[in-house]
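Below are the chains, spelled out letter by letter.
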Amino acid sequence: MTLSAKHLLGIRDLTKEDISLFLQTAGQFKEVLQRPVKKVPSLRDVTIVNLFFENSTRTRISFELAEKRLSADTINFTAQASSVSKGETLLDTVNNILSMKVDMVIMRHSASGAPHFLAKHIPAAIVNAGDGINEHPTQALLDAFSIKEKTGRIEGAKIAIIGDIMHSRVAQSNIYLLKKMGAEVTVCGPPTLIPKYISEALGVRVNYDLKETLEWCDVANVLRIQLERQNQVLFSSLREYNLSYGISKKILDSLHKEIVIMHPGPINRGVELDSDVADSKQSIILQQVENGVAVRMAVLYLLAGRTPDNN
Ligand code: CP
């Protein structure tokens with residue numbers, strides 16, 4: 001089986017078969033990562049540039065580690081320390097890097113659509129590592145992998161996505177993926193942080209009541225309030241937000257079941273998630289981060305055109 005796409009720009013462009021292939025291949029790489037020798041020669045002679053125009057901890061380190069585990073040659077580019085600060089355009093920057101014979105570009109950018117723009121102009125394979133408020137496809141893949149690993153299924157699972165849905169590329173990619181794979185999705189948060197027509201557009205349920213949503217779901221994926229992307233006041237205060245939508249041990253203990261807690265990170269402790277929940281055994285936040293390496297190895301491996309037959 002091979003991918004239907006040359007790039008990974010978003011989950012919206014993928015088929016159900018593409019998603020299954022990414023998840024199945026990630027499972028194989030997770031096994032590799034349990035071995036004493038975690039490095040494989042799969043991407044020897046493949047050169048990858050990590051272009052980060054926006055800050056990142058997990059995604060960036062995870063891609064770098066995935067590239068090293070696959071024996072690729074890697075170059076790291078940070079916009080703040082580059083000639084972008086002298087006015088060089090995105091296309092000029094990337095074309096200059098590609099002239100040095102780079103095969104694949106991993107890009108994070110604050111502008112929605114930046115990787116799609118690049119894909120129209122350059123020959124290298126592109127992986128979107130998060131573009132503005134649009135998509136974060138590898139986060140959705142690692143979230144799905146973690147849900148399946150923890151609960152045994154995606155199809156038929158009840159997943160709640162809670163918090164700042166409006167400004168979240170993680171929410172958008174998760175919704176595309178979970179709906180394609182047959183999960184039920186409810187979004188929950190203050191009305192000002194949930195797009196008005198999301199039910200009609202994306203086929204999710206909306207519930208503004210946190211307790212009801214938690215009673216309904218098997219898994220709660222809790223999102224950060226993205227203050228840096230909000231240009232107007234959308235709720236009264238962080239304290240108020242925590243009181244209405246923060247996940248506390250008290251609210252979890254009041255449920256009639258134990259649910260799985262996820263968060264893509266970085267966490268605002270005491271705002272969307274209390275520390276004793278983030279660090280509890282219900283939380284799989286660090287497993288998500290661990291799975292990110294195997295998932296990104298799968299993405300790089302498959303986009304490089306490697307299949308078990310030609311490697
Ligand atoms: N989840 C995520 O994208 O985290 P970073 O911003 O640290 O990469």
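Preceding this section is the structure that the text describes.
Predicted, not measured: the structure shown is a model, and the values here were computed from it. (Residues numbered from 1 in each chain as written. Predicted model: local features only at pLDDT ≥ 70, side-chain atom pairs only at ≥ 80, totals over all residues. Heavy atoms only, no water.)

*Asks:* Can you break down the overall build of the protein chain residue by residue, with the values?
*Replies:* The helix and strand inventory of the protein chain stands at 12 helices and 9 strands. Over its C-alpha atoms the protein chain spans a radius of gyration of 19 Å, differing by no more than 12% from the 19 Å that the globule rule assigns to 311 residues. If one aligns the C-alpha atoms of the protein chain with their principal axes, the spans along those axes are about 55 × 45 × 35 Å. Within the protein chain, the fraction of its 311 residues that count as buried is 56%. Put simply, of all contacts in the protein chain between residues at least 6 apart along the chain, 74% involve residues at least 24 apart. Carbon and sulfur atoms make up 51% of the accessible area of the protein chain, which totals about 13,900 Å². For the protein chain, the centre of its 36 positive side-chain charges and the centre of its 34 negative side-chain charges are spaced 2 Å apart. (Helix = DSSP H or I, 4+ residues; strand = E, 2+ residues; numbered from the N terminus. Rg over C-alpha atoms; globule rule 2.2 N^0.38 Å. Buried < 20%, exposed > 50% of the residue type's maximum accessible area, 1.4 Å probe, protein only. Contact = heavy atoms within 4.5 Å. Areas by Shrake-Rupley, 256 points an atom, 1.4 Å probe, with all protein chains shown as cover. Lys, Arg positive; Asp, Glu negative; His and termini not counted. Charge placed at Lys NZ, Arg CZ, Asp CG, Glu CD.)

*Asks:* Please set out the sheet that holds strand E4 (residues 125-131) residue by residue, giving values where relevant.
*Replies:* Judged by pairing direction, the sheet is parallel, and its 4 strands sit side by side in the order E2-E1-E3-E4 without closing on themselves. The two strands at the open ends of the sheet, each matched to only one other strand, are strand E2 (73-78) and E4. Strand-to-strand twist of the sheet, defined as the mean angle between neighbouring strand axes without regard to direction, takes the value 15°. Direction of pairing for strand E1 (residues 47-52) relative to strand E3 (residues 104-109): parallel, over a ladder of 5 bridges. By the bridge assignment for E3, Ile 48 is matched with Met 104. (Pairing = 2+ DSSP bridges. Axes fitted to C-alpha atoms, helices over the stretch in contact; angles between N-to-C directions.)

*Asks:* Residues and numbers for the pattern of salt bridges, please.
*Replies:* Applying the stated rule across the entire model yields 9 salt bridges. Ionic pairing is found between Lys 30 and Glu 149, a salt bridge with its closest N-O pair at 2.8 Å. Taken as a pair, Lys 30 in helix H1 (residues 16-33) and Glu 149 in helix H5 (residues 137-151) lie far apart in primary sequence, 119 residues in all. Put simply, Asp 253 and Lys 249 hold a salt bridge, and the shortest N to O gap is 2.9 Å. Of this pair, Asp 253 and Lys 249 both sit in helix H10 (residues 249-253), 4 residues apart, which is roughly one turn of the helix. You can call Asp 253 exposed: its relative accessible area is 52%. Look at Lys 249 and you get partly exposed, because its relative accessible area is 41%. (Salt bridge = Lys/Arg side-chain N within 4 Å of Asp/Glu carboxyl O.)

*Asks:* Outline unusual backbone geometry, supporting the account with residue identities and numerical values.
*Replies:* The amide bond that connects Gly 265 to the next residue, Pro 266, takes the cis arrangement and shows omega of -5°. Not every positive phi belongs to a glycine, and Ser 71 is a case in point at roughly 65°. In this fold, Ser 71 is placed in the loop between helix H2 (58-69) and E2. We classify Ser 71 as buried; its relative accessible area is 17%.

*Asks:* Give a description of the nonpolar core that names residues and reports values.
*Replies:* If you look at the biggest cluster of nonpolar residues, it comprises 66 residues, and the most contacted ones within it are Phe 29, Leu 141, Leu 177 and Leu 300. With 10 residues, the top contributor of residues to this core is helix H12 (residues 285-303). Looking at this core, you find at least three residues from each of domain 1 (11-134 + 291-310) and domain 2 (137-288). With near-sequence residues (within four places) excluded, Leu 141 lies in contact with Leu 8, Ile 11, Ile 19, Phe 22, Leu 23, Leu 177, Val 295 and Val 299. Grouped together as the second largest cluster of nonpolar side chains are 26 residues, Leu 193, Leu 234, Leu 273 and Ala 278 included. (Core = buried A, V, L, I, M, F, W, Y, C linked by side-chain atoms within 4.5 Å. Domains from an automatic or database assignment.)

*Asks:* Quick rundown of the site of the ligand? Include the residues and the values.
*Replies:* In the vicinity of the ligand, the contacting residues are Ser 56, Thr 57, Arg 58, Thr 59, Arg 108, His 136, Gln 139, Pro 264 and Gly 265. Contact distances for the ligand include 2.6 Å between an oxygen atom and a side-chain N or O atom of Ser 56. The separation between an oxygen atom of the ligand and a polar side-chain atom of Arg 108 is 2.9 Å. Out of a free accessible area of 250 Å², the ligand has 91% covered by protein chains. Applying the majority rule of atoms within 2 Å of the grid points places the ligand in the largest pocket. Class assignment for the residues of the shell around the ligand results in 1 nonpolar, 6 polar and 2 charged. Taken together, domain 1 (11-134 + 291-310) and domain 2 (137-288) each give at least three residues to the shell around the ligand, which thus spans both. (Near = heavy atom within 4 Å. Polar contact = N/O pair within 3.5 Å; in protein donor to acceptor, adjacent residues only side chain to side chain. 1 Å grid on protein atoms, 1.4 Å probe; cavity = no way out; pocket = protein on both sides within 12 Å on 5 of 7 lines; lining within 4 Å. Sits in = over half its atoms within 2 Å of the grid points. Nonpolar A, V, L, I, M, F, W, Y, C, P; charged D, E, K, R; others polar.)

*Asks:* Account for the packing of aromatic side chains, with residues named and values stated.
*Replies:* Under the definition given, this model contains 3 aromatic pairs. Look at Phe 53 and Phe 77: their rings are 5.4 Å apart centre to centre, the planes differ by 50°, and that puts the pair in the tilted class. Note that Phe 53 is positioned in the loop between E1 and H2 and Phe 77 in strand E2, a separation of 24 residues in sequence. The same class applies to Phe 53 and to Phe 77, which are both buried. Summarising the aromatic geometry, the rings of Tyr 241 and Tyr 245 are spaced 5.8 Å apart at their centres and angled 35° between planes, so their arrangement reads as tilted. Placement of both Tyr 241 and Tyr 245 in helix H9 (residues 238-245) is noted, with a separation of 4 residues, approximately one turn of the helix. (Phe/Tyr/Trp six-rings, centres within 6.5 Å; stacked < 30°, edge-to-face > 60°.)

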